Every structure is written in structure tokens, then in C-alpha cells.
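Spelled out, the chains give:
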Amino acid sequence: MICKLCPHKCGALRTKDTSGGKCSLTLTPKVARIAPHFWEEPPISGARGSGAVFFSGCTLSCVYCQNYEISAENRGTPITAKELSEEYKRLEAMGVHNINLVSATQFLPEIIKSFEIYKPNIPVVYNTGGFERVETLKALEGIVDIYLPDFKYSDDKLALEYSGAENYVETSLSALSEMIRQKGKLSLDDNGIAQKGVLVRHLVLPNHTRNSIEVLNILKENFGDLLTLSLMGQYTPCGKACEHQKLSRKITKREYQKVLCHLLDLEIEGYSQELTSATTEYIPQWDFEAK
Ligand code: SF4
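Position labels on residues start from 1 in each chain and follow its written sequence. Selection of residues for local features in this predicted model requires a pLDDT of at least 70, selection of side-chain atom pairs for listing and counting requires 80 or more, and totals for whole chains, interfaces and linings are taken over all residues. The basis for every side-chain value is the complete set of heavy atoms in the structure, and neither hydrogens nor water enter the calculation.

1. So, the packing of aromatic side chains
Let me state the cut-off plainly: What counts as a ring pair is set by centres within 6.5 Å for rings of Phe, Tyr and Trp (its six-membered ring), and what kind of pair is set by the plane angle: stacked under 30 degrees, edge-to-face over 60, tilted for all other angles. To qualify as a helix, a DSSP run of H or I must reach at least 4 residues; to qualify as a strand, a run of E must reach at least 2; elements of each kind are numbered from the N terminus. Accessibility here uses a 1.4 Å probe with only protein chains present; expressed as a share of the type maximum, an area under 20% marks a residue as buried, one over 50% as exposed, and anything in between as partly exposed.
A complete count under the given rule lists 7 aromatic pairs for this structure. Taking 5.8 Å as the distance between ring centres and 65° as the angle between the ring planes, the aromatic pair formed by Tyr 64 and Tyr 235 counts as edge-to-face. In this pair, Tyr 64 is assigned in the loop between β4 (50-55) and α2 (68-71) and Tyr 235 in the loop between β12 (228-232) and α9 (253-265), connecting sequence segments 171 residues apart. The class of Tyr 64 is buried, set by a relative accessible area of 6%.

2. Focus: a positive patch on the surface
This is how the line gets drawn: Patches in this entry comprise residues that are over 30% relatively accessible and not in a salt bridge; like charges within 9 Å are linked, as are nonpolar side chains (Val, Leu, Ile, Met, Phe, Trp, Tyr) within 5 Å. All accessible-area figures derive from a Shrake-Rupley calculation using a 1.4 Å probe, and residue coverage is judged against the displayed protein chains alone. Salt-bridge detection follows one rule: a side-chain nitrogen of Lys or Arg within 4 Å of a carboxyl oxygen of Asp or Glu. Asp and Glu count as negative and Lys and Arg as positive, but His and the ends of the chain are not part of the count. Where a charge lies is defined by one atom per residue type, namely NZ (Lys), CZ (Arg), CG (Asp) and CD (Glu).
Judged by side-chain charge, Arg 210, Lys 246, Arg 254 and Lys 258 come together as a positively charged surface patch. Residue placement: Arg 210 occurs in helix α8 (residues 209-223). You can call Arg 210 exposed: its relative accessible area is 74%.

3. Quick look at the pattern of salt bridges
The final tally for this structure, using the stated rule, is 17 salt bridges. One salt bridge in this structure joins Lys 113 and Glu 110, with 2.8 Å as the shortest N-O distance. Linking Lys 113 with Glu 110, this pair stays in helix α4 (residues 108-117), spanning 3 residues, or about one helical turn. The closest approach of N and O atoms between Asp 150 and Lys 152, which form a salt bridge, is 3.5 Å. Neither Asp 150 nor Lys 152 differs from the other in exposure class; each is buried. Beyond isolated ion pairs, a larger network of salt bridges with shared partners links Lys 138, Glu 141, Glu 178 and Arg 181.

4. A few points about the sheet that holds strand β7 (residues 124-128)
For clarity, the threshold we go by: One bridge is not enough; two strands pair if DSSP finds at least two bridges between them. Pairs of residues are marked as contacts when any of their non-hydrogen atoms sit within 4.5 Å. Angles here are taken between N-to-C directions and fall from 0 to 180 degrees, while the axes themselves are lines fitted to C-alpha atoms, restricted in helices to the stretch in contact.
In spatial order, the strands read β5-β3-β4-β6-β7-β8-β10-β9; together these 8 strands make up an open sheet with mixed pairing. Only two strands of the sheet have a single partner each, and these edge strands are β5 (77-78) and β9 (187-188). Here 4 bridges tie strand β6 (residues 99-102) to β7, and the two strands are oriented parallel to one another. Among the inter-strand pairings, Val 102 is bridged to a residue of β7, identified as Asn 127. Helix α7 (residues 168-183) rests against β7, β8 (146-149) and β10 (194-198) of the sheet, and its axis sits at about 140° to β10.

5. Comments concerning α4
Short version of the rule: Taken from the helix axis, the directions to the C-beta atoms give the arc we talk about.
Those residues of α4 that fall on the buried side of the exposure criterion are Leu 108, Ile 111, Ile 112, Ser 114 and Phe 115. Looking straight down α4, one finds its buried side chains confined to an arc of 155°; they lie on one side. Here the buried face of α4 lies against β4, α3 (81-93), β6, β7 and α5 (134-138).

6. Things to note about the side chain of Ser 114
Inspection of the secondary structure assignment puts Ser 114 in helix α4. Filtering out sequence-adjacent residues up to four positions away, Ser 114 remains in contact with Ala 81, Leu 84, Ser 85 and Tyr 88.

7. Remarks on the pairing of strand β3 (residues 30-37)
Relative to β5, β3 runs antiparallel, the two being bridged by 2 bridges. Note that in β5 the partner of Lys 30 across the bridge is Pro 78. The pairing of β3 with β4 spans 6 bridges and is antiparallel. Bridge pairing in β4 places Pro 36 opposite Gly 51.

8. Focus: the sheet that holds β12
Strand order in the open sheet formed by 3 strands is β11-β12-β13, and the pairing between neighbours is parallel. At either margin of the open sheet sits one strand with a lone partner, and together these are β11 (200-203) and β13 (269-271). Taken pair by pair, the neighbouring strands of this sheet meet at an average axis angle of 30°, ignoring direction. Judged from the 3 bridges that link them, β12 and β13 form a sheet pairing that is parallel. What sits directly across from Ser 230, in β13, is Tyr 271.

9. A few points about the site of the ligand
What counts is decided by this rule: We call a residue near a molecule or strand whenever a single non-hydrogen atom of that residue lies within 4 Å of it. Nonpolar residues are Ala, Val, Leu, Ile, Met, Phe, Trp, Tyr, Cys and Pro. Charged residues are Asp, Glu, Lys and Arg, and all others, Gly as well, are polar.
Inspection of the region around the ligand gives Cys 3, Leu 5, Cys 6, Lys 9, Cys 10, Arg 14, Gly 20, Gly 21, Lys 22 and Cys 23 as its neighbouring residues. Of the residues belonging to the shell around the ligand, the class tally is 5 nonpolar, 2 polar and 3 charged.

10. Let's talk about the nonpolar core
Note the cut-off: Buried Ala, Val, Leu, Ile, Met, Phe, Trp, Tyr and Cys residues that are joined via side-chain atoms within 4.5 Å together make up what is termed a nonpolar core.
Among the nonpolar cores identified, the biggest contains 72 residues, and Tyr 64 and Leu 101 are the most heavily contacted of them. Broken down by element, this core gets its largest block of residues, 7 residues, from α7. Excluding residues within four positions of it along the chain, Leu 101 makes contact with Val 53, Phe 55, Tyr 88, Ile 111, Phe 115, Val 124, Val 125, Tyr 126 and Asn 127. Listed in part, the 7 residues of the second largest apolar core include Ile 44, Val 125, Leu 148 and Leu 199.

Spelled out as C-alpha cells, the structure:
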């Protein structure tokens, strides 16, 4: 295919054996880990874990990515649509609360095929950096139950510098509008486990509380009470973060509190984090063997 799956719209030729474009991936999905995952928000991980499928590559190239080896270096093992569908069954049999597709857009045609082969009886989560095309998200309608997108920046210049994304704010806002159009507000079952809707994540970056505060303003202004937000304070310098002076430390309690207070002032519903999670211990051990 001539690939325009993500907002980079490279127009590169990609086939199951030919890689191309900014992501340098073939259309054959690659995975770094498939396993129950316990470090998502409480309504996603619950007590039995989220059935996470970590795909290689990403539509964003964040210099501070905690999954840098798989997102930027594309490490992983090829897997077919049929094998993926078998993995959904295996995870479901383990009792996880959902199937959680982490950074999947670059392989979307094969992923859609995997759900044509087997549609799980538990919710499907689309866990994305949030930099997505509306046209691509439309192809997921009827497959995805819960969108779990990031919204990282209120400033296009920061997005370009730290994540290599052009026209970030308008693109990510359009994507979020489409997700909310499809699934609406986050809804939970009687046990507090998410069944459908959208949960937006925002990671507070060191030295950038003004960016975070403006992100909250933009989200509240655009989505009002439909918004459920997870405010993350787990930033720890990873990847190439230390090449950027402002990103080379963890966030302080004061920085997190300042953003959290603004979230409370705006009466945004959601989840906050203990800063004890700001450690690399929470990064999964990649096995690159998928199972
Ligand atoms: S998925 Fe890859 S090739 Fe396709 S538009 Fe995005 S970066 Fe370019």
C-alpha cells in the first residue's frame, strides 16, 4: 500500500515485506511483548490485568519515550493476523479485563484482519500516543471499545521538538473529537472496570507546567464533561531525554501538585498518580519474543 495511515502521511510504499516511510516498518505487525499488564489506570488494569499487546514503532517519536527500544528502534518479532487472533484468545482465557493494543496504528490493516478472524468477548482498548488521522480512526469503529490516547502538548513547537510531530494540536484535537464521537464518555461496570469510552492521558514534563496547564484548558474547553483524564507524574528521563536539558530530570512534587490543582479547579474527572511511580521499575521487561 501507499501508506498514509498516520498524520505523517508519508505516501511511502509498504508491503508485508517492504518497509518505508518515517516509521521504516513493513505492514507485517511486529510485537515486543504480549502479556497481562498491571500498570495502566485502575479501570483498565483492574485486579486481573490488561491484556497488553505492545507493537513496535509509533506514530510519534518522543525523545523521552520510556519504551524507546520498541517505539524508535522498532525491536520486536513479526506476527501474522491469525497468530494475533490466537493471542487475543490466550489472553482472554487468562482472565484479563481487556485486550489492550499499544501503539498499533502503523499495522492497522493486519490488525483489522485479526479482529475479523476473532472478536474477543472483552473490551478492546486502543492505547495510542493520540497523534492519529480521523480517517484511520474511522476504520476502527465497531472494533475498539475504549480509546486511551495521550494529549501531550498545547504548543506545536514543543510537539515538533520533542515528538517530531507537525501541526500537533489541531491534529490530536481532531483525533480526540473522533474518538469521543465514536465512544463517548468513559463508562465503568459495577466493579469499576472500563467498558467503553475515552480516557485521555497527560504526562507532566519537567520544567513544562505551563504546557500542562494549557493542555487542561484546551481539553476542558473542547470536551467539557465528556472528558475523563489521567494525570501522569511518572516521567523519568529515558531514550534521548538527557540530550534536552529541560527533560533531564524527574518532575518535582511541586510541579505535579500545581497541575493537579488546576485540574481540580477545572473540575475535570479522572485519575492522578503517586509520584512513587516515577521509576523505571514500572517499564515492562521486553522479551521481543511476544509470548
Ligand atoms: S505509518 Fe509509517 S509510513 Fe505510514 S504514514 Fe505513518 S510514519 Fe509514514
